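Overview (structure and organization)
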Amino acid sequence: AQTVTQSQPEMSVQEAETVTLSCTYDTSENNYYLFWYKQPPSRQMILVIRQEAYKQQNATENRFSVNFQKAAKSFSLKISDSQLGDTAMYFCAFMKLAGYSTLTFGKGTMLLVSP
Amino acid sequence: DSGVTQTPKHLITATGQRVTLRCSPRSGDLSVYWYQQSLDQGLQFLIQYYNGEERAKGNILERFSAQQFPDLHSELNLSSLELGDSALYFCASSGGEGNTIYFGEGSWLTVV
């Protein structure tokens, strides 16, 4: 079974600054995907970014980028130029590639962006 | 808008009652997933269907059941409801193996 750990229950950052959210995971799989989902106060689950484990290049989506360290089983999310609208709960999630797999989530990190 | 539609958005019901939550996946997606999000348990996977067949089962109680119909929409049935069943229930869909899973806006269930 896979486990996903987010060790930072809460974080805060000021507008325009950069923040990094941590995530580690444990798996015996070699092929898998990793995701970051964002859940704002509206409670909708929004995909932020996705990383395929077989890709060495770190994924980037506008102000969001990841630092994927496969050997260390680490998958952190960096948010640059933080905006008030980034205030949300952020969930790290794992999905194995083989078969019809589902997402395993971490417990989340609450990010508060202040003016 | 993820393209996954869930109804109802909110419902309040009494203990012991039964409710049905409905989900329409994104156009073309064959897989449907149900997740429960409660304050103390986080996001818990309940069950997955692929093209009408059950594919994976998670922490789904025996009082809960689901199905996926030929038109690919899915329903989650919750019966003999207890106070602890109050939660946000998400439906999600994907195009199949390894594809990204997209979530609906959720159905808020309050059991009183």
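Residues numbered from 1 in each chain as written. Chains lettered and ligands numbered in written order. Predicted model: local features only at pLDDT ≥ 70, side-chain atom pairs only at ≥ 80, totals over all residues. Heavy atoms only, no water.

Section: the interface of chain A and chain B
Taken together, the contacts link 19 residues of chain A with 22 residues of chain B. For the pair chain A and chain B, the two sides together bury roughly 1,800 Å², of which 58% comes from carbon and sulfur. There are zero salt bridges connecting chain A and chain B. One can count five residue pairs in polar contact (both at pLDDT 80 or more) joining chain A with chain B. When contributions to the side of chain A that touches chain B are tallied by element, the ones reaching two or more residues are β5 (32-39), β6 (46-52) and β10 (88-96) of chain A. Each residue belonging to the side of chain A that touches chain B can be placed in one class, and the counts come to twelve nonpolar, five polar and two charged. (Contact = heavy atoms within 4.5 Å. Buried area = accessible area lost by both parts, 1.4 Å probe. Salt bridge = Lys/Arg side-chain N within 4 Å of Asp/Glu carboxyl O. Polar contact = N/O pair within 3.5 Å; in protein donor to acceptor, adjacent residues only side chain to side chain. Helix = DSSP H or I, 4+ residues; strand = E, 2+ residues; numbered from the N terminus. Nonpolar A, V, L, I, M, F, W, Y, C, P; charged D, E, K, R; others polar.)

Considering the sheet that holds strand β7 (residues 64-68) of chain B
Residues and elements named next belong to chain B. Pairing within the open sheet is antiparallel, and its four strands lie in the order β1-β3-β8-β7. Strand pairing shows two members of the sheet lacking a second neighbour, β1 (5-7) and β7, which therefore form its edges. Taking each pair of neighbouring strands and ignoring which way they run, the sheet shows an average axis angle of 15 degrees. Here β1 pairs with strand β3 (residues 19-24) via three bridges, running antiparallel. (Pairing = 2+ DSSP bridges. Axes fitted to C-alpha atoms, helices over the stretch in contact; angles between N-to-C directions.)

Here we look at unusual backbone geometry
Residue T7 of chain B is joined to P8 of chain B through a cis peptide bond whose omega torsion reads -10 degrees. Within the fold, P8 of chain B resides in the loop between β1 and β2 (10-13). A positive phi is found at D81 of chain A, a non-glycine position, where the angle reads about 50 degrees. Tracing the sequence through the fold places D81 of chain A in the loop between β9 (74-79) and β10. Although it is not a glycine, N51 of chain B adopts a positive phi angle of roughly 50 degrees. Secondary-structure assignment places N51 of chain B in the loop between β5 (42-50) and β6 (53-57).

Quick notes on the environment of L77 of chain A
Residue and element names in this part refer to chain A. Tracing the backbone shows L77 in strand β9. For L77, a relative accessible area of 0% puts it in the buried group. Sequence separation of L77 and K107 is 30 residues, and the distance between their C-alpha atoms is 15 Å. The residues touching L77, leaving out its near neighbours within four places in the chain, are V19, T20, L21, W36, V48, I49, F64, S65, V66 and Y90. (Buried < 20%, exposed > 50% of the residue type's maximum accessible area, 1.4 Å probe, protein only.)

Focus on the state of the cysteines
Counting across every chain of the model gives two disulfides over all chains. Residue C23 of chain A pairs covalently with C92 of chain A via a disulfide, S to S 2.0 Å. Given an S-S torsion of about -70 degrees, the disulfide between C23 of chain A and C92 of chain A has left-handed geometry. Here the residue C23 of chain A occupies a position in the loop between β3 (19-21) and β4 (24-26), and C92 of chain A occupies one in strand β10, the gap between them amounting to 69 residues. Look at C23 of chain A and you get buried, because its relative accessible area is 2%. The class for C92 of chain A is buried, based on a relative accessible area of 1%. The disulfide partner of C23 of chain B is C91 of chain B, and the S-S distance across this bridge is 1.8 Å. Disulfide C23 of chain B-C91 of chain B: the torsion about the S-S bond is -60 degrees, which places it as left-handed. Placement of the pair is C23 of chain B in strand β3 and C91 of chain B in strand β9 (residues 87-94), with a sequence separation of 68 residues. The class for C23 of chain B is buried, based on a relative accessible area of 0%. (Disulfide = S-S within 2.5 Å.)

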